[in-house]
Amino acid sequence: MRGKKPSEREKYVLRVDSGTFVEVTRDVYLEWHRSRRREKYQMEQKRAHGVCSLEALGGNVRPAVPRGYWENTPEEHALRSACMEKLRESIAALPEQDAHLLHMLFVGEMTVTDAALSFGCSRKSIRKRRDRILGQLRAEMESRGVICGCF
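Since this is a predicted model, take the numbers as computed values, not measurements. (Residues numbered from 1 in each chain as written. Predicted model: local features only at pLDDT ≥ 70, side-chain atom pairs only at ≥ 80, totals over all residues. Heavy atoms only, no water.)

## Overview of the pairing of strand β1 (residues 12-15)
Part 1 of the argument: With burial as the criterion, only one face of β1 is covered, namely that bearing Tyr12 and Leu14; the residues Val13 and Arg15 on the opposite face remain uncovered.
Part 2 of the argument: Sheet analysis places β1 next to strand β2 (residues 21-24), joined by four bridges and oriented antiparallel. Paired with Arg15 across the bridge in β2 is Phe21.
Part 3 of the argument: Turn length for the β1-β2 hairpin, with the two strands adjacent in sequence and antiparallel, is five residues, and the turn residue Gly19 shows positive phi of about 90°. (Buried < 20%, exposed > 50% of the residue type's maximum accessible area, 1.4 Å probe, protein only. Helix = DSSP H or I, 4+ residues; strand = E, 2+ residues; numbered from the N terminus. Pairing = 2+ DSSP bridges.)

## Observations concerning the pattern of salt bridges
Part 1 of the argument: Evaluation of the coordinates by the stated rule reveals six salt bridges.
Part 2 of the argument: Two residues, Arg38 and Glu31, come together in a salt bridge whose shortest N-O distance is 3.6 Å.
Part 3 of the argument: In this structure, Arg132 engages Asp98 in a salt bridge whose closest nitrogen and oxygen atoms are separated by 3.7 Å. With a gap of 34 residues between them, Arg132 in helix α6 (residues 123-143) and Asp98 in helix α4 (residues 96-107) connect regions that are remote in the sequence.
Part 4 of the argument: The exposure class of Asp98 is buried, given its relative accessible area of 6%.
Part 5 of the argument: Each of Glu31, Arg34 and Arg38 takes part in salt bridges that share partners, so that together they form one network. (Salt bridge = Lys/Arg side-chain N within 4 Å of Asp/Glu carboxyl O.)

## Description of the environment of Phe119
Part 1 of the argument: Along the chain, Phe119 falls in helix α5 (residues 112-119).
Part 2 of the argument: Given the relative accessible area of 21%, Phe119 is considered partly exposed.
Part 3 of the argument: Sequence spacing of Phe119 and Gln97 is 22 residues, and the spatial spacing of their C-alpha atoms is 9.6 Å.
Part 4 of the argument: In contact with Phe119, not counting residues within four places along its chain, are Gln97, His100, Leu101, Met104, Ile126 and Arg129. (Contact = heavy atoms within 4.5 Å.)

## Looking at a positive patch on the surface
Part 1 of the argument: Residues Arg123, Lys124, Arg127 and Lys128 make up a contiguous surface patch of positive charge.
Part 2 of the argument: Examined against the element boundaries, Lys128 turns out to sit in helix α6.
Part 3 of the argument: Classification of Lys128 as exposed rests on a relative accessible area of 57%. (Patch = residues over 30% accessible without salt bridge, like charges linked within 9 Å, V, L, I, M, F, W, Y side chains within 5 Å. Areas by Shrake-Rupley, 256 points an atom, 1.4 Å probe, with all protein chains shown as cover. Lys, Arg positive; Asp, Glu negative; His and termini not counted. Charge placed at Lys NZ, Arg CZ, Asp CG, Glu CD.)

## What about the packing of aromatic side chains?
Part 1 of the argument: What the rule picks out here adds up to one aromatic pair.
Part 2 of the argument: Taken together, a centroid distance of 5.1 Å and an interplanar angle of 45° make the contact between Tyr12 and Tyr29 tilted. Here the residue Tyr12 occupies a position in strand β1, and Tyr29 occupies one in helix α1 (residues 26-49), the gap between them amounting to 17 residues.
Part 3 of the argument: The ring of Phe119 has Arg129 sitting right over it, with the charged end atom 4.7 Å from the ring centre. (Phe/Tyr/Trp six-rings, centres within 6.5 Å; stacked < 30°, edge-to-face > 60°. Lys NZ or Arg CZ within 6 Å of the ring centre and 35° of its normal.)

## Some thoughts on α6
Part 1 of the argument: Taking 1.5 Å as the rise per residue, α6 with 21 residues should run 30 Å; its terminal C-alpha atoms sit 30 Å apart, in good agreement.
Part 2 of the argument: Every buried residue of α6 is listed here: Ile126, Arg129, Ile133, Leu137 and Met141. Buried positions in α6, seen along its axis, are confined to an arc of 105° and lie on one side of it. In α6, the exposed residues that point more than 90 degrees away from the buried face are Lys124, Lys128 and Ser143.
Part 3 of the argument: Buried-residue contacts for α6 involve α3 (74-92), α4 and α5.
Part 4 of the argument: Gly145 sits one or two residues past α6 and shows a positive phi near 90°. (Expected span 1.5 Å × (residues − 1). Arc of directions from axis to C-beta.)

Below you can see the structure in the form of structure tokens.
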């Protein structure tokens, strides 16, 4: 938890709707207060910036993507397969540690912090390395004729 840590207490209680107090564990108590702070922050953001949602717009919603754009036609499937094959080849051409880092971050869904611990370096160096590798991949894919973000 960020900031000042709450002092330890003998017991933690929360008030329920009926006004009675219920004894809870320290973890439940802290999480309840975190969620209250989160709700308060979100309400302040709504007041400051207004609400932006499809429900607020009502019936005046136009789709951002044309109808049929995401249909899986044979041509789109072939194009997507070709892009994926070129991506696999580009990743295979990377140094082993760089490919391993990308696998950890994007396939293994590991956080930058966990990857930094695994490699024994700082989070900043992992982020810089990730950005450098992705830049190299982008350049490699563009040199192979693949427009990044094609799928």
